[in-house]
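Here is what each chain is made of, one letter per residue.
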Amino acid sequence: MMNSTMTHSNGLGKVFLFFAFICLFGVFILMLSQLENMAVVSASTLTDEQLLALYPEPISPITVQRTGRVSQHGITKHPEAAAIEEACNKSIFQVWRDKYERKYYYLCKTAEGKWGLIPVIISAGEEIWKTAFYPGTGVWTDVVRYLTNTATRYKGPIK
């Protein structure tokens, strides 16, 4: 005859299974959170060709039309700010959203052919344009390399 403790689950076994499930779930969540960090590290180590394959340079502006003014600090500190402001008031090619803050980045192409960006904060429904600048030398790959550290491409409403 079989022992009854061997044929039925006891309460301790159920507790152990529950604990094991919780531990595995925690490990899974931890791994997911690390994937984003790994993507940031790998994006910064990509060659220009690999980066362009992931983030091709835009050839036409998006339909978002914005008009704003860069902060006085931006104009004083960055000589390129006025040209970037003018370019963004004409057309915005992409919008990126910060991963950690409620901030957007408007990407614009200046008359000289350089890519600049303007960080934008939305406060009480109003856009506040911050400092405009060229990440790196203003070439597309420098801009994308800069943005992939803190932001992702964004196609939703600006709010």
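Residues numbered from 1 in each chain as written. Predicted model: local features only at pLDDT ≥ 70, side-chain atom pairs only at ≥ 80, totals over all residues. Heavy atoms only, no water.

A. Structural detail: the overall build of the protein chain. When helices and strands are tallied, the protein chain shows 6 helices and 5 strands. Each helix and strand of the protein chain, placed in order from N terminus to C terminus, yields the pattern α-α-α-α-α-β-β-β-β-α-β. A burial count over the protein chain gives 32% of its 159 residues as buried. Of all intrachain contacts in the protein chain linking residues separated by at least 6 positions in sequence, the fraction that spans at least 24 positions is 57%. (Helix = DSSP H or I, 4+ residues; strand = E, 2+ residues; numbered from the N terminus. Buried < 20%, exposed > 50% of the residue type's maximum accessible area, 1.4 Å probe, protein only. Contact = heavy atoms within 4.5 Å.)

B. Highlighting helix 6 (residues 140-148). For helix 6, the full list of buried residues reads Trp140, Thr141, Val143, Val144, Leu147 and Thr148. The buried residues of helix 6 occupy an angular sector of 160° when projected down its axis, which confines them to one face. (Arc of directions from axis to C-beta.)

C. Molecular detail of the state of the cysteines. Overall, the coordinates contain 1 disulfide when judged by the stated rule. One disulfide bridge connects Cys88 with Cys108, the sulfur atoms lying 1.7 Å from each other. Taking the sign of the S-S torsion, about 105° here, the bridge from Cys88 to Cys108 comes out right-handed. Pair noted here: Cys88 is in helix 5 (residues 81-90) and Cys108 is in strand 2 (residues 103-109), with a separation of 20 residues, a long-range link. With relative accessibility at 0%, the residue Cys88 sits in the buried group. The class for Cys108 is buried, based on a relative accessible area of 0%. (Disulfide = S-S within 2.5 Å.)

D. Looking closely at the packing of aromatic side chains. This structure, assessed with the given rule, holds 6 aromatic pairs. Taking the centre distance of 4.9 Å and the plane angle of 65° together, the rings of Trp115 and Trp140 count as edge-to-face. Linking Trp115 in strand 3 (residues 115-123) with Trp140 in helix 6, this pair joins segments that are 25 residues apart in sequence. Centre to centre, the rings of Phe133 and Tyr146 are 5.5 Å apart; their planes meet at 80°, and the pair counts as edge-to-face. Note that Phe133 is positioned in the loop between strand 4 (126-129) and helix 6 and Tyr146 in helix 6, a separation of 13 residues in sequence. (Phe/Tyr/Trp six-rings, centres within 6.5 Å; stacked < 30°, edge-to-face > 60°.)

E. Just the confidence of the model for the protein chain, in detail. Mean pLDDT for the protein chain: 78, with 69% of residues reaching 70 or above. Low confidence marks residues 32-41, where pLDDT is under 50. Its contacts with residues over four positions away, or in another chain, come to 5 contacts. (pLDDT = per-residue confidence, 0-100.)

F. Local environment of the side chain of Glu80. Checked against the element boundaries, Glu80 lands in the loop between helix 4 (72-77) and helix 5. With no salt bridge to any partner, buried Glu80 finds its closest opposite charge in Lys114, at an N-O distance of 8.0 Å. With residues up to four places along the chain from it excluded, the contact list for Glu80 reads Ala132, Phe133 and Tyr134. (Lys, Arg positive; Asp, Glu negative; His and termini not counted. Salt bridge = Lys/Arg side-chain N within 4 Å of Asp/Glu carboxyl O.)

G. Expanded view of the sheet that holds strand 3. Strand order across the open sheet formed by 5 strands is 4-3-2-1-5, with antiparallel pairing between neighbours. On the outer flanks of this sheet lie strand 4 and strand 5 (151-154), each paired with one strand and no other. Direction aside, the axes of adjacent strands within the sheet are offset by 35° on average. When strand 3 meets strand 4, the two strands line up antiparallel, connected through 4 bridges. Among the inter-strand pairings, Ile121 is bridged to a residue of strand 4, identified as Ile128. The strands touched by helix 6 within the sheet are strand 1 (94-98), strand 2, strand 3 and strand 5, with strand 3 carrying the most contacts at an inclination of about 30°. (Pairing = 2+ DSSP bridges. Axes fitted to C-alpha atoms, helices over the stretch in contact; angles between N-to-C directions.)

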